[in-house]
Every structure is written in C-alpha cells, then in structure tokens.
Amino acid sequence: MSAEPSVTPPAGAAPATPVRRLVVVGASLAGLRAVEAARRAGYDGALTLVGAEEHLPYDRPPLSKAFLDVDGARGADTVMTFRTEEQLRDELGVDLRLGSPATGLDTDAREVLVGDERIPYDGLVIATGSVPRWLPGTDPADDGPVGGVTQLRTLDDARTVRTALEAGARLVVVGAGFIGSEVASAARKRGLPVTVVEALDLPLTRSIGPEVGAVCADLHRAAGTDLRLGVGVAGLETEPVAAGAEPAPGGAGRRVTGVRLDDGTVLPADLVVLGIGVRPATAWLEGSGVPLHEGDRGVVVDATLATGVPGVYAAGDVAHVANPLYDDEHHRLEHWTNAADHGGAAARHLLDPAAARPVETVPYFWSDWYDHRLQFVGTPRADEVRVVADDRASDGGFVALYRRADRVVGALVLDRPRDVMKLRRRIADRGPWDEAVEHVVTTPPRAKR
Amino acid sequence: MKIVAALDTCEGLGMCEAMAPDFFEVGDDGVVEVLDDSPGEEHRTDLAAAVDACPVLALTLQG
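Residues numbered from 1 in each chain as written. Chains lettered and ligands numbered in written order. Predicted model: local features only at pLDDT ≥ 70, side-chain atom pairs only at ≥ 80, totals over all residues.

## Quick word on the overall build of chain A
Right, so step 1: Regarding its fold elements, chain A presents 11 helices and 27 strands.
Right, so step 2: Relative to the compact-globule value of 22 Å for 449 residues, chain A shows a C-alpha radius of gyration of 23 Å, a close match.
Right, so step 3: Each of the three principal axes of chain A carries a C-alpha extent, and together these read 70 × 65 × 40 Å.
Right, so step 4: The burial tally for chain A puts 48% of its 449 residues in the buried class.
Right, so step 5: Residue pairs in contact within chain A that sit at least 24 positions apart in sequence constitute 63% of those at least 6 positions apart. (Helix = DSSP H or I, 4+ residues; strand = E, 2+ residues; numbered from the N terminus. Rg over C-alpha atoms; globule rule 2.2 N^0.38 Å. Buried ≥ 20, exposed ≤ 12 C-beta atoms within 10 Å, placed from the backbone. Contact = placed C-beta atoms within 7 Å.)

## Concerning the interface of chain B and chain A
Right, so step 1: With 13 residues of chain B in contact, the opposing surface of chain A contributes 14 residues.
Right, so step 2: At three residues, helix α1 (residues 15–19) of chain B tops the list of elements feeding residues into the side of chain B that touches chain A.
Right, so step 3: For the side of chain B that touches chain A, the per-class residue count stands at seven nonpolar, four polar and two charged. (Nonpolar A, V, L, I, M, F, W, Y, C, P; charged D, E, K, R; others polar.)

## Description of the sheet that holds strand β27 (residues 407–414) of chain A
Residues and elements named next belong to chain A.
Right, so step 1: Taken together, the five strands give an open sheet; going across it, the order is β23-β24-β27-β26-β25, and neighbouring strands pair in antiparallel fashion. If you trace the sheet from one side to the other, it starts and ends with β23 (364–369) and β25 (384–390), each paired once. Neighbour-to-neighbour, the strand axes of this sheet turn through a mean angle of 15°, independent of strand direction.
Right, so step 2: The pairing of β25 with strand β26 (residues 398–404) spans six bridges and is antiparallel. (Pairing = 2+ DSSP bridges. Axes fitted to C-alpha atoms, helices over the stretch in contact; angles between N-to-C directions.)

## Description of the pairing of β27(A)
Residues and elements named next belong to chain A.
Right, so step 1: The element β27 is largely enclosed, with a buried count of seven among its eight residues.
Right, so step 2: In terms of strand pairing, strand β24 (residues 372–378) meets β27 through five bridges, oriented antiparallel. Across the sheet, residue Phe376 finds its bridge partner in β27, namely Leu412.
Right, so step 3: Here β26 folds back onto β27 in antiparallel fashion, the turn holding two residues, of which Ala405 has a positive phi close to 50°.

## Some points on helix α9 (residues 336–351) of chain A
Right, so step 1: With 16 residues, α9(A) ought to run about 22 Å at 1.5 Å a step, and its terminal C-alpha atoms sit 23 Å apart, in line with that.
Right, so step 2: Of all 16 residues in α9(A), 16 are buried, a share of seventy percent or more. (Expected span 1.5 Å × (residues − 1).)

## Focus on the domain arrangement of chain A
Residue and element names in this part refer to chain A.
Right, so step 1: Domain annotation of chain A identifies domain 1 (21–131 + 278–355), domain 2 (134–274) and domain 3 (371–442).
Right, so step 2: The gap between the C-alpha centroids of domain 1 and domain 2 is 29 Å.
Right, so step 3: In this assembly, 14 residues from domain 1 lie in contact with 14 residues from domain 2. (Domains from an automatic or database assignment.)

## Thoughts on unusual backbone geometry
Residues and elements named next belong to chain A.
Right, so step 1: One non-glycine residue, Arg110, lies in positive phi territory at about 55°.
Right, so step 2: Take Arg110: it is sitting in the loop between β4 (104–106) and β5 (111–114).
Right, so step 3: The class of Arg110 is buried, set by 21 C-beta atoms lying within 10 Å.

And the structure:
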C-alpha cells in the first residue's frame, strides 16, 4: 500500500500498514481486555467490539457462585460489569455492537460478517469464547427448549437456575465438573435435594487427575449430595405444560420431570443443569482460512497468539496455544485468568508484532464447593501426582503436587489459600520438585475455622 | 501512591500476590494483606498490573 520504501517484514509478522481498524469479536473478559489494552498501548484508530449477548461485558465466575446464593450476589439480579457503557463508548472510544453475533469471516476481503453486515478490519482479535454442550435431545436449536433444563454459561442461564432454586427445585446436575459442582453447592446451601450424575468413575479426572477427583467426590458426599458415578444419562422425562400454566424457567411447551439413567433409574427433577463441558465458539470461522483444531475446532495459534492469517489473533477460551512453560505443549484453557491475560496480549501483539513475546501463562483457576475453596495452578499433565498434605480431618485442607521429571508443574490446594501463590511462583520459575514438597510439608495448615 | 484494598470485596484469589508478592499476601483467612500500603513510585508498573489482575476489582491505587 505505502509508496515509501521499507524493509520487508518477516512472513507472518507486522501488517504492511499500521492497524487503523481493529475489530474484537467476543465481548466477554478477553474481548474487553483486548480493547482496554489497545487503547493503553496508544492505539487511536477505530475500535469495534462485537458481542453475541445483549449485555455489556460482565464477570462470569459469580454466576455459579455468589449469584445463586440466597441473598443472590447481595440481592442484585445482575453481576458486575467491568465498565459502564459510557466508559466503553466515550472514554475508550469503542463502537459497541452487542446482541449481534458474528456469523462469518472473510479473510480475503478482511471483513467480519454480522448477519448481512460486513465490518472491515485490518486487525482482528477472535475472542468468542466457548459454548456449553447439550445432551443429545436437549438442544433447543433442535426441538425447542425444555423447561427446567439449562446450562450455565450466561447471565440469562444463571437467572433461570436461580429462579428454579428459589422455587425449591429438586436438582439433578449432569456432569461432576466445576460448574455443575458449584451449582450443586448452591442448591445444598438452600437445603434442596441434589443428585450429581457423572459418567466417569471419579469427578474431574481429566482436569485434575483421579487422586484429587476422589477428594472432590468426598466433598459432595459430606455435603449430602447424592453422587452417582460411572453412570450415563439415557434421556430426560418430560411432560407438557398445561395451557395457561406458568411456564417452567427456561422453557415453554414442555418441562422436565426427571432424568433417566443408563441403568434404568429415573431421578425426579424440576431443574436439570448440564455441566458436561464446552466447545469453542468458532462455527463462524469454518471455511475462513483461520486454522481450527482438528479435535474441538478451537483456533490454533502460536505462542504469541497469532493465527498465521495476516492481522488475525485469538485469545481466551477459543485459543489452542503452545505454552513455553510446558515444553510448548498446546493447551486450550477455559479460565478467567487465561482470558484476561490473552486478551491484552493479543491486542498488544497485533498492534506491534515486532515486540510480541510468547505468552507464558501459569494456568490458574478456583472453584467454591460447599464452603470449601479449591484452587489449581499449573498443569495436571504430570509424571506423578502426590498428596503432600491432607489435614481435612481437622478442617486444615489438602495439597497435591504434580511432578514432571524433577520439576514441580502443578498444585491443587483445598482450603489453604495462603499457599497457592507461593506454589504458583515455584511453578512459574520451573522450580525443583523436592523444594516444593518441602515447602508444603513444613508449612502448618491453617488454624481450624 | 497508596494501595487501597476493599477487604469486604476481596475473595483471596491471590492474583495481586502473583503480580506483586512484595506488596500483597493472601492469609490463612483467605483475605489479602497489604504488606506495604505506601510504596515508592518505582513500583507503579507492577502495582498497576496487580490492580488490573484482581478478578473482583478489590484494589485501587490512589495518588
């Protein structure tokens, strides 16, 4: 474009001209951090934020935690939005396109498709996150919504769940993962009957390993949740909603009455929450030339979050990224901190590729179960998982460490909040295993609450 | 420059400690302790990163 002679940039690096039209698709945490970082980096061109939901960017972790409590996130019917609409539009100069999901991408014309509209870009951050999976036969896109059956991803989902809990629902959670377990916790706090159904023999074997999965199973049982392991769901029992009757939360014509298991058992239910995992929200990118993972169709990026398509980066839940901290292993994380880190980095790298550095994240997530806090730092992909402290009997928590060769690569901490970031530092520093074990065994558990 | 931590908002998630361990530490009670609430100007970059990293927006820098 430019008539000025210039040094040819390396392949896949800087766009030939400075970015003047930056489009961020996905208006949750990663997308928000991308627009914030762009302005902070001094970018003064056009900035468009495209979001599928009607809501301003809001904080998702509370949706399965405080929002479901009896006093419902201090009584509010909403959750924290990080910035007001005025701040986004006026202070950050963002052209907000909410309630308008991207439907396609034309990488030749460099345009994002939103329905019939085409939004031109010369820099693009893909931050569309992920969408929960439905059980076969429950996807509203196929058969219409079934009252009382929901996932928990959005504020609207959380309102559906809370309404049902307030009505005293009998809850069945499908999938003993983090979201489902948090919903189970909220329901037990209200004294409601809860059953959690998990197809595997232990919860969370993929995300934290079987040793710790057993600890999580104990938390459910101690709280009075009926945990059914190693059994699948065969289908839902439903009934028509009588004409003129109050529609069940989340649905209209039919509502759920029970969950039928593989072994023939029928669990009665007024509310069924599906927590069976998510998939990257990338259907709009199919055929666009943006590389998608052959397994789950996430966006494959390098360690700087570049897709290899000129000017196109990806951030957050959608991104399969090589992490130098873990021998350049690719992983796709669905964590708050990952989305926050990626969003800012993607925008900075896009605007100044020459200064891009590999994103070396130490994965971190937390989950609140029945007045217990689980925190995980690092990776569970390890040669050995060792329980190095177990003071649960005296309410003093639990620590498991994850070893690769002679390094500590991960840590699971239950109810020992003081230890988490110290262990994270050792993991980030590629610290020796022996010293991490020593740290934990010589640190007294916290006093009984 | 002064660090202000809203202790009723803090959930003890520890991102501030991850970003600036000389200034923040999560205690056994699961709430942050500010180790030095009037840091020197040379720490501003690290502290701004810690404030931004807080998942519950419990931290502010004044001055």
